[in-house]
Amino acid sequence: MIKLFFKIIASFLLLLGLLVAYIFIDFDDNRPQKIEQPTTVNDITQLNPIEVTRVIQPTSIEDIVGAIQSSTGAISIGGGRFSQGGQIAYPDSIHLDMRAFNKVLTLDAAHKKVTVQSGITWRDLQEVIDTENLSIKIMQTYANFTVGGSLSVNVHGRYIGEGPIIRSVESIKLIKANGEIVSASPTKNSTLFYGAIGGYGGIAVIAEVTLNLADNVKVKRYTEKMNVHSYKEYFSANIRHDQNVVFHNADIYPPNFTDIRSVSWLNTYETLTVEQRLISKDKEYTWQPKVAKFVADSNFGKWMRQHVLEPILYSFDAVQWRNYEASYDVNELEPSNRTTQTYALREYFVPVENFDSFAIKMANIFKQHQANIINVSIRHALPDSGSLLAWAKTEVFAFVVYYRQGTSEAAQQSVKVWSREIIDAVIEENGAYYLPYQLHATTEQFVKAYPKADEFFELKRKVDPDYRFRNKLWQQHYETNNKQLDGSDDE
Ligand SMILES: Cc1cc2nc3c(=O)[nH]c(=O)nc-3n(C[C@H](O)[C@H](O)[C@H](O)COP(=O)(O)OP(=O)(O)OC[C@H]3O[C@@H](n4cnc5c(N)ncnc54)[C@H](O)[C@@H]3O)c2cc1C
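Residues numbered from 1 in each chain as written. Predicted model: local features only at pLDDT ≥ 70, side-chain atom pairs only at ≥ 80, totals over all residues.

Student: Sorry, what's going on with the overall build of the protein here?
Tutor: In terms of helices and strands, the protein carries 14 helices and 19 strands. On the principal axes, the C-alpha backbone points of the protein span a range of 85 × 55 × 45 Å. Counting over 491 residues, the protein shows a buried share of 42%. Partitioning the contacts of the protein with sequence separation of at least 6, the portion at a separation of at least 24 is 72%. (Helix = DSSP H or I, 4+ residues; strand = E, 2+ residues; numbered from the N terminus. Buried ≥ 20, exposed ≤ 12 C-beta atoms within 10 Å, placed from the backbone. Contact = placed C-beta atoms within 7 Å.)

Printed below as a string of structure tokens:
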């Protein structure tokens with residue numbers, strides 16, 4: 001009996017040793033020294049290099065107006081460059097790289113409002129508002145994105161009682177295709193407001209943004225594991241109406257997609273386990289990308305994540321500042337290279353009542369195509385307040401899919417197949433797919449998922465009659481809608 005006990009312990013230690021070796025030994029640290037031409041604009045996946053004629057980095061509104069008025073032809077706009085399907089560029093366009101247009105203009109701490117230039121990142125804004133113990137009301141999980149890119153995509157985060165970012169925007173200052181500067185809000189130039197937010201750089205340049213802020217509070221983590229089909233009821237009974245919940249998401253575990261772990265962060269007065277107010281910008285991430293690779297590499301890695309790594313991680317209490325939890329850095333995900341394989345995201349939004357039926361369809365498609373899914377994170381969003389390209393037409397659950405794929409033509413084609421099947425499935429459930437990712441949807445699917453697309457195109461024709469604001473997304477769906485434009489084919 002004692003022998004058997006020691007054998008079990010020895011096997012466990014051996015397994016743990018192998019795991020640690022796997023994670024910490026760098027088998028492929030042959031990072032290519034990539035020298036990117038300044039006129040090649042690419043995104044984080046490195047799958048979409050696009051040659052533009054000139055890159056301009058404005059630092060003032062005058063620079064943007066000047067760039068528009070002193071040129072003719074296509075203009076593309078880029079923020080943090082984290083969208084993943086060419087949404088930031090167009091061949092031979094003048095590219096506005098907004099990242100140096102990044103000042104905080106006014107901070108009204110008493111009324112919890114801030115006005116910024118749109119190229120500022122969330123992380124840089126957090127640095128300023130944290131001094132007043134204020135927080136961004138709605139943003140993504142990571143803090144590297146720009147405010148302008150986030151508004152143009154109409155992003156969301158893990159916040160309970162919130163939804164698309166448009167719900168936290170008080171007003172914006174836009175620069176139109178003729179160089180005119182206009183302010184817009186839900187009550188002033190509202191059509192422009194609802195077109196530009198979620199408009200993927202197709203309506204105007206978003207120059208300045210006034211956002212409502214929230215209080216920075218201490219939050220404590222709670223987690224629970226359950227069957228996927230218990231989640232909807234669990235959410236409705238425990239999370240949906242609890243005003244103490246600040247952040248919430250739930251992770252469905254691949255490859256079986258039957259178990260889910262809910263992770264919530266609630267207001268607390270308990271003592272901090274992490275004293276730091278924000279995650280340091282120059283933190284180095286050595287083991288995190290290796291864990292992601294380990295999980296992606298095999299079903300054993302996925303099993304270890306679910307049954308060993310996360311139970312250990314979540315066995316520790318975590319009490320920290322809301323701003324700390326909102327300051328994650330995407331570098332924690334960045335692999336050593338993206339030459340033959342890359343990591344990408346997809347996202348699908350379904351009305352809350354259709355959670356179970358979509359979860360089944362999605363899992364079946366992934367299994368049938370043997371897609372290498374690393375995680376499916378569930379988020380909740382209240383309905384959009386009126387943007388023309390709203391993805392939350394009603395109250396929805398978001399299914400955020402993080403996966404790994406090959407970079408070869410064949411691998412990209414096979415992703416396109418499952419991707420279109422899932423879009424059909426989400427449309428069947430009266431939902432929508434998210435637009436910042438790879439452009440696999442057909443225009444027919446786009447129009448079904450975004451029923452106000454025609455209104456959006458009509459607005460674009462009116463405010464951008466010479467079709468100056470372009471990118472690959474609008475090349476795909478707008479040019480086919482406007483046969484008179486000098487566009488290319490849909491597919
Ligand atoms: C690791 C990772 C995690 C993510 N997590 C989330 C998440 O939690 N929630 C979520 O909703 N999304 C998420 N996304 C998607 C991401 O939020 C969007 O791609 C977002 O747009 C990124 O902001 P950006 O500054 O990189 O914008 P970019 O990718 O640079 O631009 C996005 C679009 O906005 C336009 N644009 C940029 N700046 C302006 C401007 N000033 N005026 C007009 N148009 C402009 C561009 O032309 C483009 O069409 C994630 C993406 C990644 C890679």
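Student: Whenever I open this one, the nonpolar core confuses me. Can you help?
Tutor: Soluble globular proteins tend to pack their nonpolar side chains together in the buried interior. Counting residues in each nonpolar core, the largest one holds 117 residues, and the members touching the most others are Leu174 and Ala196. Broken down by element, this core gets its largest block of residues, eight residues, from strand β18 (residues 396-406). Aside from chain neighbours lying at most four places away, what touches Leu174 is Val182, Ala184, Leu192, Ala196, Ala204, Val205, Ile206 and Ala207. (Core = buried A, V, L, I, M, F, W, Y, C linked by C-beta atoms within 7 Å.)

Student: What am I meant to see in the sheet that holds strand β12 (residues 218-227) here?
Tutor: Strand pairing in a sheet relies on backbone hydrogen bonds, with the paired strands running either antiparallel or parallel. On the basis of which strands lie adjacent, the open sheet formed by eight strands has the order β15-β12-β14-β13-β17-β18-β16-β19 and antiparallel pairing. The open sheet is flanked by β15 (319-321) and β19 (432-433), the only strands paired with a single partner. Across nine bridges, β12 lies against strand β14 (residues 259-267) in antiparallel orientation. Paired with Lys225 across the strands is Arg261, a residue of β14. (Pairing = 2+ DSSP bridges.)

Student: Hey, could you run me through unusual backbone geometry in this one?
Tutor: Across the chain, the bulk of peptide bonds are trans and the bulk of non-glycine residues have phi less than zero. The amide bond that connects Pro254 to the next residue, Pro255, takes the cis arrangement and shows omega of 5°. Along the polypeptide, Pro255 turns up in the loop between β13 (245-252) and β14. Of note in this structure, Arg81 is not a glycine but carries a positive phi near 70°. Structurally, Arg81 can be placed in the loop between β4 (75-78) and β5 (94-97). For Asn189, which is not a glycine, the phi torsion comes out positive at approximately 45°. Along the polypeptide, Asn189 turns up in the loop between β10 (181-184) and α5 (190-196).

Student: What's the story with the sheet that holds strand β3 (residues 54-56) in this structure? I'm lost.
Tutor: One open sheet accounts for three strands, arranged β3-β5-β4; its pairing is parallel. Edge positions in the open sheet fall to β3 and β4, since each of these has one partner strand only. Strand-to-strand twist of the sheet, defined as the mean angle between neighbouring strand axes without regard to direction, takes the value 25°. Looking at chain direction, β3 and β5 are connected through three bridges and run parallel. Within β5, the residue paired with Arg54 across the bridge is Ile94. (Axes fitted to C-alpha atoms, helices over the stretch in contact; angles between N-to-C directions.)

Student: Sorry, what's going on with the site of the ligand here?
Tutor: With respect to spatial proximity, 34 residues lie near the ligand, and among them Gly79, Gly80, Gly148, Gly149 and Gly201 are the closest. Elements supplying a minimum of two residues to the shell around the ligand: β4, α4 (147-153) and β11 (205-215). Broken down by element, the residue count for the shell around the ligand peaks at five residues, all from α4. When grouped by side-chain class, the residues that make up the shell around the ligand number 16 nonpolar, 17 polar and one charged. (Near = placed C-beta within 6 Å. Nonpolar A, V, L, I, M, F, W, Y, C, P; charged D, E, K, R; others polar.)

Student: Explanation requested: the environment of Leu382 in the structure shown.
Tutor: Of note, Leu382 is situated in the loop between β17 (372-381) and β18. A tally of 18 C-beta atoms within 10 Å means that Leu382 is categorised as partly exposed. Note: C-alpha distance between Leu382 and Tyr450 (68 residues apart in sequence) is 17 Å. Residues in contact with Leu382, not counting those within four places in the same chain, are Glu162, Gly163 and Glu395.

Student: Would you take a moment to explain the pairing of β4 for this structure?
Tutor: A regular strand places its side chains on the two faces of the sheet in alternate fashion. The side-chain alternation of β4 yields two buried faces, one formed by Ile75 and Ile77 and the other by Ser76 and Gly78. Where β4 and β5 come together, four bridges link them in parallel fashion. Opposite Ile75, over in β5, you have Ile94 as the bridge partner.

Student: Can you help me understand the environment of Val169 in this one?
Tutor: When you line up the elements, Val169 lands in strand β9 (residues 169-175). For the pair formed by Val169 and Lys137, sequence separation is 32 residues and the distance between their alpha carbons is 9.5 Å. Val169 has contacts with Leu151, Ile197, Val209 and Leu211, leaving out every residue within four places of it along the chain.

Student: How should I be thinking about the packing of helix α7 (residues 288-297) against helix α8 (residues 299-313) in this particular structure?
Tutor: The geometry of a pair of packed helices is captured by two quantities: the angle between their axes and the separation between those axes. At their nearest, the axes of α7 and α8 sit 5 Å apart, and the two run at 120° to each other. Classed by the angle they form, the pair α7 and α8 counts as oblique. Two secondary-structure elements touch here, α7 through Phe294, Val295, Ala296 and Asp297 and α8 through Gly301, Lys302 and Arg305. A breakdown of the residues in the contact of α7 with α8 according to their chemical character gives three nonpolar, one polar and three charged. (Parallel < 35°, antiparallel > 145°, perpendicular 65-115°, else oblique.)

Student: Even after reading the chapter, I still don't get the confidence of the model for the protein, so can you show me in this structure?
Tutor: Interpretation of this model should avoid reading the predicted coordinates in detail wherever pLDDT is low. This prediction gives the protein a mean pLDDT of 92; 91% of its residues lie at or above 70. Contacts of residues 486-491 to residues separated by more than four positions or lying in other chains number nine contacts, the stretch itself having pLDDT below 50. (pLDDT = per-residue confidence, 0-100.)

Student: Would you mind showing me how to read the environment of Asp454 here?
Tutor: As for its placement among the helices and strands, Asp454 is situated in helix α13 (residues 453-463). Taking the number of C-beta atoms within 10 Å as the measure of exposure, Asp454 has 12 and is therefore exposed. The spacing of Asp454 and Val65 is 389 residues in sequence and 28 Å in space, taken between C-alpha atoms.

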